[in-house]
Every structure is written in C-alpha cells, then in structure tokens.
Amino acid sequence: GRRVLFVGTKKQAQEPLKEAAEKLGQFYVTHRWLGGTLTNNSTVRQSVKRMRELDEMERTGAMNSLPSKKEASSLRRKLAKLKRDLSGIADMESLPGALFVVDVNREAIAVAEASRLNIPVIALVDTNCNPDPIDYPIPGNDDAIRAVRLITKAVSDTIQLASNEYAKAAAEESRRRAA
C-alpha cells in the first residue's frame, strides 16, 4: 500500500524510470540524489517548499516585478535547478515503501540511506556492483538502455499488479468494517 521511489541518475536510466514512475504515480529521482533525501527529510521538505514559492512567483508574474533583472534571472535559475532535482519527490511526505535503483555503485548514498532506515531495496545489479547491500537484486546490464527499459517495465508491471491487489483488499476491508 505504500509507494516506490525509482532512483537512477545515469543517462541510460533517466527516461525509462521517469516514464514508469509518472505512469504509476510513484516517486522518482533521475538527475541528482541529494544526500539526506530519506534520512534528513525535513530539510528536503524545506527545499520543496521554496521550489513551490518560486513557482508561484513565476506563475503570478511576481518575478517580473522584482527591482532588478539580475535578481529575477537568479531566481529563475534557482527554480529550474530545484525543479530538476526535486520535481519527482515533491509530493513525498513520508518515506517510500521501497526503492528501485539502477546502478548501485552510482547510487551508493541512496542505497546506504535506505538500508539505514530499513527500506527494502530492489536494484538492477551489474557485474561491477556488490549485491550485498541490496535486498532484492536483479542481475542485468545497467549500461544498456534496452536492458534498463525491459527490467523497469517488468518492475512497473509488478508494482501495478500489487497496487491493484492492495486496492481490492482495502476496499473489501472497508466494506467489512462498514457492515
């Protein structure tokens, strides 16, 4: 019943992970893993709040009425950077139920944070990676776009089935309680 965080900052993994996560309504990090995203969630929440404030300024046109163009330009750059780094986890109020990681070596900090918080990690593990910190390793090539797409599709199909099953069970439980 909880959501999954898709993590893959490698060029080959960015697009497939983002597509799968958005299709399923899950969280994703595809550009840069910010240290403390899981372990220091309150600080990340402040950054998300700042991103939303800047976005609101941009939408209402308040950025154009700033005293200097330089200040407005600086805020726009900051907004673009925040959107790039935080848009996939902006709605993540609580910790995810699991992490799906592509390239364990590159995402070592994410794996370490998840392990520290006892969050299960599912990962595409290549021959150059240590599978020990991973709870559910999936052996495969994390350098090929087609391989990443294939594994991501299989994982997303499984997540979809599980969420449908959970929704049915939750509906049945609520019916029983109402009766």
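Structure's up top.
Keep in mind it's a predicted model, so treat the numbers as computed, not measured.

Peer 1: Describe the packing of helix α1 (residues 11-24) against helix α5 (residues 145-178), listing the residues and the values that go with them.
Peer 2: Each pair of packed helices can be summarised by the angle the axes make with each other and by the distance between the axes. The contact between α1 and α5 brings their axes to 9 Å, and the two run at 15°. When the axes of α1 and α5 are compared, the pair comes out roughly parallel. Seen along the crossing, α1 lies across α5 with a hand that is right-handed. Counting all contacts with α1, which are made through Q12, A13, E15, P16, L17, E19, A20 and L24, the residues of α5 involved are I145, V148, R149, T152, S156, I159 and Q160.

Peer 1: For the sheet that holds strand β2 (residues 27-29), give the residues involved together with the corresponding values.
Peer 2: Spatially, 5 strands are ordered β2-β1-β3-β4-β5 in an open sheet, and the strand pairing comes out parallel. Bordering the open sheet on either side are β2 and β5 (136-139), each of which pairs with just one other strand. The average undirected angle you get between the axes of adjacent strands in this sheet is 15°. Inspection of the sheet shows strand β1 (residues 4-7) paired to β2 by 3 bridges, in the parallel sense. Note that in β2 the partner of V7 across the bridge is V29. Its contacts with the sheet put α1 on β1, β2 and β3 (98-102), and the angle it makes with β1 is roughly 165°. Contacts between α5 and the sheet are confined to β1, β3, β4 (121-125) and β5, with β3 contributing the most and set at about 165° to the helix.

Peer 1: For the nonpolar core, give the residues involved together with the corresponding values.
Peer 2: Within the largest apolar cluster, 32 residues are counted, with the highest numbers of intra-cluster contacts made by L5, L38, I89, L99 and V121. Among the elements of the structure, β1, β2, α2 (41-60), α3 (69-86), β3, α4 (108-116) and β4 are those that each provide at least two residues to this core. It is α3 that contributes the most residues to this core, 5 residues altogether. Those residues in contact with L38 that sit more than four places away from it in its chain are L5, W33, M92, L95, P96, L99, A110, E113, A114, L117 and I119. Core analysis: the next-biggest nonpolar cluster, separate from the first, contains 16 residues, F6, V102, I151 and V155 among them.

Peer 1: Any chance you could break down the pattern of salt bridges for me, citing the residues and the numbers?
Peer 2: The tally for this structure, following the rule as stated, stands at 15 salt bridges. Between R59 and E56 there is a salt bridge; the shortest N-O distance is 2.3 Å. In this pair, R59 and E56 are both assigned in helix α2, 3 residues apart and thus about one turn of the helix distant. Between R84 and D85 there is a salt bridge whose closest N-O contact spans 3.4 Å.

Cut-off values and rules
Residues numbered from 1 in each chain as written. Predicted model: local features only at pLDDT ≥ 70, side-chain atom pairs only at ≥ 80, totals over all residues. Heavy atoms only, no water. Axes fitted to C-alpha atoms, helices over the stretch in contact; angles between N-to-C directions. Helix = DSSP H or I, 4+ residues; strand = E, 2+ residues; numbered from the N terminus. Parallel < 35°, antiparallel > 145°, perpendicular 65-115°, else oblique. Left-handed = near helix turned anticlockwise from the far one by under 90°. Contact = heavy atoms within 4.5 Å. Pairing = 2+ DSSP bridges. Core = buried A, V, L, I, M, F, W, Y, C linked by side-chain atoms within 4.5 Å. Buried < 20%, exposed > 50% of the residue type's maximum accessible area, 1.4 Å probe, protein only. Salt bridge = Lys/Arg side-chain N within 4 Å of Asp/Glu carboxyl O.

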